[in-house]
Amino acid sequence: MNLEQFIEILSGEFPEDRLTYQKGIPTFHPETAEEASRLFGLAGRHGQKLYITGFGNNITPVGRKFNNLLAVHSDRLNQLIRIVPQDYYAEVGSGYPLGELNHHLKSEGFFLPHAELPYVGSVGGALAAGLSADHGGQVLPIGRYFLMTQLAMPDGRVIRPGSPCFKSVSGLDIVKIFSPSWGLLGMIISAVFRIQPLTVYDDFREITMRPIEYKKFAGLYKKPGDNQSAIYSLKIKDKFDPNHIMPLIDPD
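What you see as residue numbers is a count from 1 along each chain, following the sequence as written. Side-chain atom pairs in this predicted model are given and counted only at pLDDT of 80 or more, local residue features only at pLDDT of at least 70, and totals for whole chains, interfaces and linings cover all residues. Excluded from the side-chain calculation are hydrogens and water; included are all heavy atoms of the structure.

**Details of the packing of aromatic side chains**
Now for step 1: Each Phe, Tyr or Trp ring, with Trp reduced to its six-membered ring, pairs with another whose centre is within 6.5 Å; inter-plane angles below 30 degrees give stacked pairs, above 60 give edge-to-face pairs, and intermediate values give tilted ones. Enumeration over the complete set of coordinates arrives at 11 aromatic pairs.
Now for step 2: Both rings, one in Phe146 and one in Phe193, keep their centres 6.2 Å apart while their planes meet at 40°; by these two values the pair is tilted. Here the residue Phe146 occupies a position in strand 10 (residues 146-152), and Phe193 occupies one in strand 12 (residues 187-194), the gap between them amounting to 47 residues. We note that Phe146, like Phe193, is buried. Labels follow the DSSP assignment, with helices taken as runs of H or I lasting at least four residues and strands as runs of E lasting at least two, numbered in each case from the N terminus. Think of it in three bands: with a 1.4 Å probe and only protein chains considered, a residue is buried below 20% of the maximum accessible area for its type, exposed above 50%, and partly exposed in between.

Rendered as structure tokens:
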């Protein structure tokens, strides 16, 4: 089945406005986790390759490398879902602009350190890219505050790994493998963050944004060598996306 035939299937499954063309690339705009999961299920059954995108991406879906791919855009998953001050967490849609989050959190007496960085992109993009900061000589990844997520998986399931609690279960914190995952394991629909009280805001005034290293990631993905982290990541990829409907896009 080619891309045009797959688009015909989508036209019978979803409202007309879910599909647009961005710089000539067919782009699907899910508005709920269920819509995203239905799309992923259809793509898996028909072998259609997908590319998850938002705004501020490191790779804009344009050009020949995207000729046979369907882009999946997070722009309509842009809600600030809830702030729970008493439990120190906030939940936000993956398409929400990261830089706008603290405008709302500060009115409740809280903030997210990484929302102070000069990152021009969405919450989902920041998580997928593993946005990190330098903080007092230490690396501070956004994943440190990433507690829980809702995901549309390549097999069409919707899962919610993690917990908003300070301590849930011992062992592997599975939510952490999605930051960074570069959109290769599934689509982040929403994210729950541990938020910090403004009483510690001064402790984070000097944080600076670290470079986003997609080329390094892509190089290890293609040639992991003896890098155990890369080897482990590829095993997870094979488990979560056995049909490889979300391929790595060459950064060059």
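**Examining the nonpolar core**
Now for step 1: To form a nonpolar core, buried Ala, Val, Leu, Ile, Met, Phe, Trp, Tyr and Cys residues must be joined to one another through side-chain atoms within 4.5 Å. In this structure, Leu98, Leu112, Val123, Leu127 and Phe193 are the most contacted members of the largest nonpolar core, which totals 36 residues.
Now for step 2: Looking at this core, the elements that each hand over two or more residues are strand 6 (89-93), helix 3 (101-105), strand 7 (110-111), helix 4 (123-128), strand 10, strand 12 and helix 6 (228-240).
Now for step 3: Grouped together as the second largest cluster of nonpolar side chains are 22 residues, Phe14, Ile52, Ala152 and Ile245 included.

**Some remarks on the side chain of Ser74**
Now for step 1: Its place among the elements puts Ser74 in the loop between strand 4 (70-73) and strand 5 (80-84).
Now for step 2: For Ser74, a relative accessible area of 6% puts it in the buried group.
Now for step 3: In this analysis, two residues are considered to be in contact whenever any of their non-hydrogen atoms come within 4.5 Å of each other. Those residues in contact with Ser74, other than ones at most four positions away along the chain, are Thr53, Gly54, Ser94, Gly95, Ser122 and Met187.

**Focus on the sheet that holds strand 8 (residues 132-135)**
Now for step 1: Whether two strands pair comes down to DSSP finding at least two bridges between them. Ordered in space as 9-8-14, the three strands form an open sheet in which the pairing is antiparallel. The sheet is open, and its two edges are formed by strand 9 (138-141) and strand 14 (208-209), each paired on a single side.
Now for step 2: Bridge analysis of strand 8 against strand 14 gives two bridges, and the strand direction is antiparallel. Its bridge partner lying in strand 14, Ala133 is registered against Met209.

**Looking at the environment of Lys235**
Now for step 1: Examined against the element boundaries, Lys235 turns out to sit in helix 6.
Now for step 2: Taking C-alpha positions, Lys235 is 21 Å from Gln48, a pair spaced 187 residues apart along the chain.

**Here's the deal with the environment of Gly162**
Now for step 1: Of note, Gly162 is situated in the loop between strand 11 (158-159) and strand 12.
Now for step 2: By relative accessible area, which is 35% here, Gly162 ends up partly exposed.
Now for step 3: With 12 residues separating them along the chain, Gly162 and Gln150 place their C-alpha atoms 9.1 Å apart.
Now for step 4: Apart from the residues lying within four places of it in its own chain, the contact partners of Gly162 are Leu147, Met148 and Val175.

**Let's talk about the side chain of Gln196**
Now for step 1: Take Gln196: it is sitting in strand 13 (residues 196-197).
Now for step 2: With a relative accessible area of 16%, Gln196 lands in the buried category.
Now for step 3: Residues in contact with Gln196, not counting those within four places in the same chain, are Gly109, Phe110, Phe111, Pro113 and Tyr145.

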